[in-house]
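# Tertiary structure, described
Residues per chain, in single letters:
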Amino acid sequence: MGCDVRVSGLLRRNLQPTLTYWSVFFSFGLCIAFLGPTLLDLRCQTHSSLPQISWVFFSQQLCLLLGSALGGVFKRTLAQSLWALFTSSLAISLVFAAIPFCRDVKVLASVMALAGLAMGCIDTVANMQLVRIYQKDSAVFLQLPVPMAVLCLLSKERLLTCCPQRRPLLLSADELTLETQPPEKEDTSSLPPKFHPGHEDLFRCCQRKNFKGVPSSFFAIHITAALVLFMTDGLTGAYSAFVYSYAVEKPLSVGHKVAGYLPSLFWGFITLGRLISIPISSRVKPATMVFVNVVGVVVTFLVLLVFSYNVVFLFVGTASLGLFLSSTFPSMLAYTEDILQYKGCATTVLVTGAGVGEMALQMLVGSIFQARGSYSFLVCGVIFGGLAFTFYILLLFFHRMHPGLSSVPTQDKALGMESLECYQR
């Protein structure tokens, strides 16, 4: 009960910026969901083949990756972050106005590349700001940008008609004091740069001097966590992009109208999963949530593979995948930042890993789908889900090896103790 009161208090104090960061995910979600249900229409509009149209996915995801890195440039001040989010949302609006006029696949790929840049910038800036605001409670608030998933429900509509048919940075004792005492400008201005996470030097987390004395488990945690999201976010993008094409192919041969509901169902249950995860994430550790999600993804793909000729199981499995994949990214982000004491660098690494996964796996699945047939779609899901589970087990292993607070530099410990003594006085 006390935890719920504290979390609700945090939300009330940061309501306006939080709503701002959540709102930009409307445009992000629309871009994520657009290509899948309109894939066949876009092929017809651009007179291209499936391998050629797959390059549209690649261009979008490649530029999403570049945009994720570009987003780090705008994180230095709050004003820069807000301008980056505004410009990115406006760019996405212009992209959707231009898509109906793209009659060549190269032009379409270029337009979607611009959307990818904007999406990557939104993903990095919005998630990093939420982590900075809520730190150890960020798991709850990273689950909440459900407008992204709600907007994706619109993706089932045929938009084109050319074809007929847990530890905080400050000690917990400080929180109650901070809640009852508003910060004073003269005091905050005298704090060292370490206490102003929005004004640090660009790429300071990547400077070589910051890696002196860092244990090998520090790098292993970053790598394995990014690989888990590489697989799970890649699966999210690949499944939403090709489940429609998989359903209309043999042996299922689902009608185009009925198959159009599959991406909608998938994103609808991602919405539901995010909503369910809000109360759960305040009581269950992020590590446990990620474990359940990854195991659920593997089991669901195995069931779909066994009952690959059954349309009912395809719909049930699509809903199940939406539930299990929904909270994987925010839970993994909260878990990794918790291990690494909320230094901020993990956010950039994980967003980048997720972006690379969406880019690479969509291209890979599209190529295999074209070469090996529709059955390979589910085989790829089982393989990638198994790899995500393997990397997560490795992450748990490296977490046990990681020294945790003992790895914090002596100067940081002294600053933390000084702040605690100050608040106690």
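Predicted, not measured: the structure shown is a model, and the values here were computed from it.

A tally of helices and strands in the protein chain yields 20 helices and zero strands. In the form shown here, the protein chain has an accessible surface area of approximately 19,400 Å², with 68% of it arising from carbon and sulfur atoms.

Before going further, it helps to spend a moment on the packing of aromatic side chains. Tallying each qualifying case throughout the model produces 15 aromatic pairs. Between F242 and F369, the aromatic rings sit 6.2 Å apart at their centres with planes inclined by 25°, giving stacked as the arrangement. Taken together, the positions of F242 in helix α12 (residues 216-248) and F369 in helix α18 (residues 345-372) put the pair 127 residues apart, joining distant regions of the chain. The pair F242 / F369 is uniform in exposure class, with both members buried.

Turning to helix α7 (residues 105-134), a few remarks are in order. For α7, spanning 30 residues, the distance from its first C-alpha to its last is 43 Å, which sits close to the expected 44 Å at 1.5 Å a residue. Most of α7 is tucked away, with 24 of its 30 residues classed as buried. Measuring from the side-chain oxygen of the N-cap residue of α7 to the backbone nitrogen of K106 gives 2.9 Å; that N-cap residue is D104. In the stretch just after α7, Q135 is the one whose phi turns positive, near 45°.

Here we come to the packing of α12 against helix α17 (residues 328-339). Close contact between α12 and α17 brings their axes to 10 Å; oriented N to C, the two are set at 180°. Looking at the two axes, α12 sits roughly antiparallel to α17. Here I221, A225, V228, L229, T232 and D233 of α12 lie close against α17, whose contacting residues are T328, F329, M332, T336 and I339. Class assignment of the residues belonging to the contact of α12 with α17 gives a composition of seven nonpolar, three polar and one charged.

The next point concerns unusual backbone geometry. The step from K250 to P251 runs through a cis peptide bond, and the omega angle for that step is 10°. Phi is positive for S253, which is not a glycine, with a value near 50°. Mapping S253 onto the fold places it in the loop between α12 and α13 (256-259). Note on S253: relative accessible area 43%, which makes it partly exposed.

A word on the side chain of S376. Within the element layout of this structure, S376 appears in helix α19 (residues 375-401). In contact with S376, not counting residues within four places along its chain, are I368 and F369.

Once that is clear, we can look at the confidence of the model for the protein chain. Mean pLDDT over the protein chain stands at 75; residues scoring 70 or higher make up 73%. Segment residues 146-156: pLDDT under 50, and 31 contacts once partners within four positions in sequence are set aside and those in other chains are kept. When the criterion is pLDDT under 50, residues 405-425 qualifies, and its contacts beyond four places in sequence or with other chains add up to 19 contacts.

Membership of the largest hydrophobic core comes to 96 residues, with the highest contact counts inside it found for Y239, M332 and F377. Broken down by element, this core gets its largest block of residues, 19 residues, from α12. For F377, the residues in contact, after removing those within four places along its chain, are A238, Y239, F242, V243, Y246, V365 and F369.

This brings us to the environment of M289. Residue placement: M289 occurs in helix α15 (residues 286-306). M289 gets classed as buried once you look at its relative accessible area, which sits at 8%.

Definitions and limits used
- Residues numbered from 1 in each chain as written.
- Predicted model: local features only at pLDDT ≥ 70, side-chain atom pairs only at ≥ 80, totals over all residues.
- Heavy atoms only, no water.
- Helix = DSSP H or I, 4+ residues; strand = E, 2+ residues; numbered from the N terminus.
- Areas by Shrake-Rupley, 256 points an atom, 1.4 Å probe, with all protein chains shown as cover.
- Phe/Tyr/Trp six-rings, centres within 6.5 Å; stacked < 30°, edge-to-face > 60°.
- Buried < 20%, exposed > 50% of the residue type's maximum accessible area, 1.4 Å probe, protein only.
- Expected span 1.5 Å × (residues − 1).
- Polar contact = N/O pair within 3.5 Å; in protein donor to acceptor, adjacent residues only side chain to side chain.
- Axes fitted to C-alpha atoms, helices over the stretch in contact; angles between N-to-C directions.
- Parallel < 35°, antiparallel > 145°, perpendicular 65-115°, else oblique.
- Contact = heavy atoms within 4.5 Å.
- Nonpolar A, V, L, I, M, F, W, Y, C, P; charged D, E, K, R; others polar.
- pLDDT = per-residue confidence, 0-100.
- Core = buried A, V, L, I, M, F, W, Y, C linked by side-chain atoms within 4.5 Å.

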